Amino acid sequence: MLMKNFDAKENYIATREAIGYVSRNKSNESVYEKLGFKSGLEIHQQLHTDKKLFCRCPVGLYRDGDDYDAELIRHMRPTLSELGEYDGTALMEFRTKKNIYYRIKDESACTYDIDDTPPFPINKNALDIAIEVGLLLGASIVGELHITRKQYLDGSIPAGFQRTAIVGVGGEIPISNKKIGIIQLSIEEDSCREVSDIGHDRVYTTDRLGTPLIESVTQPHMTTPDEVAEAAHYLRFLVRSTGKMRTGIGAAREDVNVSITGGTRVEIKGVAHIRWIPELTHIEAFRQKALLIISDILKKKYKSADNWAISSTPIDTASLKITGGPLALIRAQKYNVTAVNLPGFQGILSHFTQPGKTFGNELSDRLKVIACLEKPNHVHSEQFTVEDNAPVISDEHWKVIRRELKSKDGDAQMLIWGDERDTKTALETIEERCRMAFDGVPNETRKALTNGTTLFERVLPGADRMYPDTDSAPIPIEEEQIGKIREILPVSVENRLEQLKQWSIPTDTYRFILKKNLVWLIENIISDYDLPPKFIGTFFGHTLRFVERTVTPSAEFNYYAIYGLFKFIHNAGLHHNISSLMMPELYAHPKMVFDSILDVVGYKKRSKSDILKHVPDLRKKFAEIGITKTAPAEINWIMGHLRKIAIGNVSLKELSDAVAGEVKS
């Protein structure tokens, strides 16, 4: 029987304290040093090409998941590697017995996409862009491109494999306090977009499939979560400096590899925003520490997992005489119900692993992915709602279940229900994951959630998933080709950062300017129209950024229009401060002519002397209504009234000095 004084929620809180969990905003470098934190990145970025990588279908024609011309279904099965072995990830996906549905739109897909014809020759434009990025990374470009197949049995690619090739190896990027090594740069085809994944049915649309992308893989040289984010930003700035990358939702995706001392590499996949990275890596480090402590607890009870096994028994819910709650629903739907005993796992299922999550989630995540048993089709004896400690199944019912299982003191229990096929796979999955707990941290790929926690996605792939593509001959990369690309390389991100510093542009603008690849445009405006660098940099990093967040354009906006704006201001003899008034209108209506924008903002040409003529009357008015009778207050009040008519005609600093002269005279 379960110990009467055991409280699952209290155990969650106690184990969280035992592993020393602290929130990221209360952590410092010493916290990560004690953990032995290590992290590396895999950055995927779509290339801005017209066609896909291995066929001639257009890219970027995305449609709603319900808008399609045809649908086909496939069932994936693993293949042997060259050494006659199966990849663990492929075997796991095969166990899920998924029905994979592909929704196809004629305008964005062909027979290559569904693996009915061999690949076309590789997109040469895409390869040139990949070589350019490799050179910017300082990588050694390969002399011959060898296309390989990377097995994917989750259905994201209809062929069951992705065509990929290494373009360069080695290289490095700088961050604030060190250099981060680059392992390799690859070029590959993107996968399908997932529409839904419910039970045994997974649905994809093929519009994104085949889009050329590059993958940059770093060494695990980052030792704090903030360093990981900094490296990710630098890589994003670097690839965007080419001006040949797609932008927008889904165009760039980060996979983050994390480990701690005693742990192992865990891949957090599909990180949509770099700002998520610090929280995700922080929580993953403590999750691994929690799993290592769980391993120590289990090893004190059992010499090894070989001495441990689950037991299970079918449960007749009618005999439990339950009139309400989840088990009554089970009986009504005539599910097969199985009770599972986990020897010695009392306190393990409610052991803290992540904020709001326990080891019980490690089991439920795998049951969803591998056995297709989603909540509420499984519960455990230590399950609770963190907020109010509300049990899913009453203590009285658990007592009956423990008697059926012949549970001993210190055991934990689970209840699973579904069809016979799924419950059989579920039992295998529960035992497998519990045995892994004895060894600490399993190699796996996890899905990023917006709150910084993660959930199990699949077993971490191994080398057995890669094998040569027999449909593609090696492609020579000549020195002449590399030399031509080297001649057109953009200025390095490191040099661009130094340039921004020399211009005294505020540091809080750097991320926006580099993310949008705008330094070259700033440079041209400064050079061609002899404008103050600090003003132009601040205009882009503050004014433009604010406009983008608050104004919706009526048509696609091209940043080069800003060059046209300053050219117009220069040729019209206007002061450049008028740009701050014109920018919102230009962004909202990119096709509007500049003269019309001036009319909209209410600009009237006036000389400095005409503007200063208003000062005497304003001084009289201030004397009547002004509260603080000081010179600075009077100057500020007058400038507030003159600003609207002064912008575009005179420097506000120059005007303020003139007003100050009259006030103080």
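Structure first, text after, so check above.
Note that the structure is a prediction, hence the values are computed from the model and not measured.

Colleague: Mind showing me how you'd approach helix α16 (residues 560–571) here?
Modeller: Every α-helix carries 3.6 residues per turn, so stepping three or four residues along brings you back to the same face. Helix length check: α16, at 12 residues, gives a terminal C-alpha distance of 17 Å against a target of 16 Å (1.5 Å per residue), a fit within 8%. On its buried face, α16 sits against α14 (519–529), α15 (533–550), α17 (579–588) and α18 (594–601). The first or second residue beyond α16 is Gly573, which carries a positive phi of 70°.

Colleague: Got a minute to help me understand the sheet that holds strand β15 (residues 311–314) in this structure?
Modeller: By definition, the strands of a sheet pair up through backbone hydrogen bonds, in either a parallel or an antiparallel sense. The 4 strands lie next to each other as β15-β16-β20-β19, forming an open sheet whose pairing is antiparallel. The sheet terminates laterally at β15 and β19 (378–380), the two strands that pair on one side only. With direction set aside, neighbouring strand axes in the sheet form an average angle of 20°. Note that β15 and strand β16 (residues 336–342) share 4 bridges and pair antiparallel. When the bridges of β16 are listed, Pro314 appears paired with Thr338. Those strands touched by helix α9 (residues 395–405) are β15, β16, β19 and β20 (412–418), and its axis lies near 95° from that of β20.

Colleague: Would you take a moment to explain the state of the cysteines for this structure?
Modeller: Disulfide: a covalent bond formed between the sulfur atoms of two cysteine residues. Taken as a whole and assessed by the stated rule, the structure comprises 0 disulfides. Take Cys57: it sits in no disulfide, and the sulfur closest to it among the cysteines is that of Cys110, at 3.5 Å. With relative accessibility at 9%, the residue Cys57 sits in the buried group. Unpaired in this structure, Cys372 has its nearest cysteine sulfur neighbour in Cys192, at a distance of 19 Å.

Reading the values: the criteria
The numbering scheme is per chain: residues are counted from 1 as the chain's sequence reads. Under the rules for a predicted model, residues below a pLDDT of 70 receive no local features and side-chain atom pairs below 80 are neither given nor counted, while totals for whole chains, interfaces and linings still include all residues. Excluded from the side-chain calculation are hydrogens and water; included are all heavy atoms of the structure. Each helix corresponds to a stretch of at least 4 residues labelled H or I by DSSP, and each strand to a stretch of at least 2 residues labelled E; elements are numbered beginning at the N terminus. Multiplying 1.5 Å by the residue count of a helix minus one yields the expected span of that helix. The contact definition used throughout considers only heavy atoms, calling two residues in contact when any of these lie within 4.5 Å. By the convention used here, strands pair only if DSSP detects at least 2 bridges between them. Lines are fitted to the C-alpha atoms to define the axes, a helix being fitted only along its stretch in contact, and any angle between axes, read from their N-to-C directions, falls within 0 to 180 degrees. Two cysteine sulfur atoms make up a disulfide if the distance between them is within 2.5 Å. Only protein chains enter the accessibility calculation, which uses a 1.4 Å probe; a residue is then buried when its area is under 20% of its type maximum, exposed when over 50%, and partly exposed in between.

In short, the description is geometric, and any link to function would need to be established separately.
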